[in-house]
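Chain residues, written in single-letter form:
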Amino acid sequence: MTSEPKAASAHAAPGPRIGPFAQLIFGSRWLQVPLYVGLIVAQGVYVLLFLKELWHLVLHSFDASEQQIMLVVLGLIDVVMISNLLVMVIVGGYETFVSRLNLTGHPDEPEWLSHVNASVLKIKLAMAIIGISSISLLRTFIEAGNLGTTRSNSSETAVMWQVLIHLTFIISAIGIAWVDRLSESGHRKEAGHA
C-alpha cells in the first residue's frame, strides 16, 4: 500500500469579494497613471536641458572662466538631482500607490525599492529636495562676490531668502523623520504587547 501525497491545488483561494463602491474607490488609484506618464515626459525635458547645457559647456570651455564652468557644472548636477527625484517619485509612487512593478530579482531593480513605502518615500523626497536646494544655494554663494554689481543675478535679500528657505527644508525634513520615528516606535510597542 503506497500513499501518494495529495496534489497541491492548482488555483489559489479567491480573495474576498468587494462591493462595487469599494471597487470604484480602489480602482481610482489608476487615475494617477497619467500623472506618472506626465512626470516621465518632464524627465525627458530635463534630459534635453542637460544635453543643451552640456553642449554649451563644451563649446565655451576654452573661453569661460573657472567660476563660469563651475556654475554650469553645478547646474548640470542640479538637473541630475531633479531627474533622480523624478525617478523616485515615478517608480516609488507608482509602486506604493498604484500597482506592483514585479521587479524582484530583476538585475536593475533599485536597492531602495524593496523597502519603499509612503513614509520612506517622503523622507527620500525631503532629502532630495534638500540636496537640490543645497546645489542652488552653493551656486548663489559662488556668485556672492558679485552682489551689488551689474554682474550679479541676485540681491542680498534674495540670498537671505534662499538661506531661510533652505533652512525651512532642513527643519521640515527633520520633522518628517521625527514623526516617522515616533510612528515606528509606536508600532513596535503595539507589536510587543500583542
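The preceding data block contains the structure.
What counts, and at which threshold
Residues numbered from 1 in each chain as written. Predicted model: local features only at pLDDT ≥ 70, side-chain atom pairs only at ≥ 80, totals over all residues. Heavy atoms only, no water. Salt bridge = Lys/Arg side-chain N within 4 Å of Asp/Glu carboxyl O. Buried < 20%, exposed > 50% of the residue type's maximum accessible area, 1.4 Å probe, protein only. Helix = DSSP H or I, 4+ residues; strand = E, 2+ residues; numbered from the N terminus. Contact = heavy atoms within 4.5 Å. Core = buried A, V, L, I, M, F, W, Y, C linked by side-chain atoms within 4.5 Å. Phe/Tyr/Trp six-rings, centres within 6.5 Å; stacked < 30°, edge-to-face > 60°. Axes fitted to C-alpha atoms, helices over the stretch in contact; angles between N-to-C directions. Parallel < 35°, antiparallel > 145°, perpendicular 65-115°, else oblique. Left-handed = near helix turned anticlockwise from the far one by under 90°. Expected span 1.5 Å × (residues − 1). Nonpolar A, V, L, I, M, F, W, Y, C, P; charged D, E, K, R; others polar. Lys, Arg positive; Asp, Glu negative; His and termini not counted. Patch = residues over 30% accessible without salt bridge, like charges linked within 9 Å, V, L, I, M, F, W, Y side chains within 5 Å. Areas by Shrake-Rupley, 256 points an atom, 1.4 Å probe, with all protein chains shown as cover.

A. Expanded view of the pattern of salt bridges. One pass over the structure, following the stated rule, counts one salt bridge. Across the salt bridge formed by Arg 100 and Glu 95, the nearest N and O atoms sit 3.6 Å from each other. Given the relative accessible area of 60%, Arg 100 is considered exposed. Since its relative accessible area comes to 14%, Glu 95 is described here as buried.

B. A look at the environment of Val 91. Relative to the helices and strands, Val 91 resides in helix α3 (residues 66-98). Not counting chain neighbours up to four residues away, the residues in contact with Val 91 comprise Leu 101, Trp 112 and Leu 113.

C. Broad picture of the nonpolar core. Membership of the largest hydrophobic core is limited to nine residues, which are Ile 82, Leu 85, Met 88, Trp 112, Leu 113, Val 116, Leu 121, Ala 128 and Ile 132. Listing elements by their share of this core, those giving two or more residues are α3 and α4 (118-142). Those residues in contact with Met 88, other than ones at most four positions away along the chain, are Gly 93, Trp 112, Leu 121, Lys 124, Leu 125 and Ala 128.

D. Inspection of the environment of Ser 172 at higher detail. By the secondary structure assignment, Ser 172 is in helix α5 (residues 156-193). Separated by 49 residues in the primary sequence, Ser 172 and Ile 123 place their C-alpha atoms 9.9 Å from one another.

E. Seen up close, the packing of aromatic side chains. Within this structure, the stated rule accounts for two aromatic pairs. A ring pair is formed by Trp 30 and Tyr 94, whose centres lie 6.4 Å apart and whose planes are at 75°; its orientation type is edge-to-face. Residue Trp 30 is found in the loop between α1 (20-27) and α2 (33-59), and its partner Tyr 94 is found in helix α3; the two are separated by 64 residues along the sequence. Using a relative accessible area of 40% as the deciding quantity, one classes Trp 30 as partly exposed.

F. Representation of the environment of His 166. Note that His 166 resides in helix α5. Overall, the relative accessible area of 10% leaves His 166 in the buried class. Sequence separation between His 166 and Ile 130 is 36 residues; the distance between their C-alpha atoms is 7.0 Å. With residues up to four places along the chain from it excluded, the contact list for His 166 reads Ile 130, Ser 133, Ser 134 and Leu 137.

G. Summary view of the packing of α2 against α3. The geometry of α2 relative to α3 is characterised by a closest axis approach of 10 Å and an angle of 165° between their N-to-C directions. Relative to α3, the element α2 is oriented roughly antiparallel. α2 and α3 meet at a crossing whose hand is left-handed.

H. Just α4, in detail. Helix length check: α4 (25 residues) gives 36 Å between terminal C-alpha atoms against 36 Å at 1.5 Å per residue, within 8%. Along α4, the residues that are buried comprise Leu 121, Ala 126, Ala 128, Ile 130, Gly 131, Ile 132, Ser 133, Ile 135, Leu 137 and Thr 140.

I. Broad picture of the packing of α3 against α4. Two numbers describe how α3 lies on α4: the axes approach to 10 Å, and their chain directions differ by 170°. Relative to α4, the element α3 lies roughly antiparallel. Looking at the contact of α3 with α4, its residues break down into 19 nonpolar, six polar and three charged.

J. Focus on the side chain of Asp 78. Turning to its location among the elements, Asp 78 is positioned in helix α3. Buried Asp 78, no salt bridge; nearest opposite-charge side chain is Arg 139, N-O distance 4.1 Å. Those residues within four positions of Asp 78 in sequence are excluded, and the remaining contacts are Ile 132, Ile 135 and Arg 139.

K. Structural detail: a nonpolar patch on the surface. Judged by side-chain polarity, Ile 129, Met 160, Trp 161, Leu 164, Ile 165, Leu 167, Phe 169 and Ile 171 come together as a nonpolar surface patch covering roughly 740 Å² of accessible area. Relative to the helices and strands, Ile 171 is located in helix α5.

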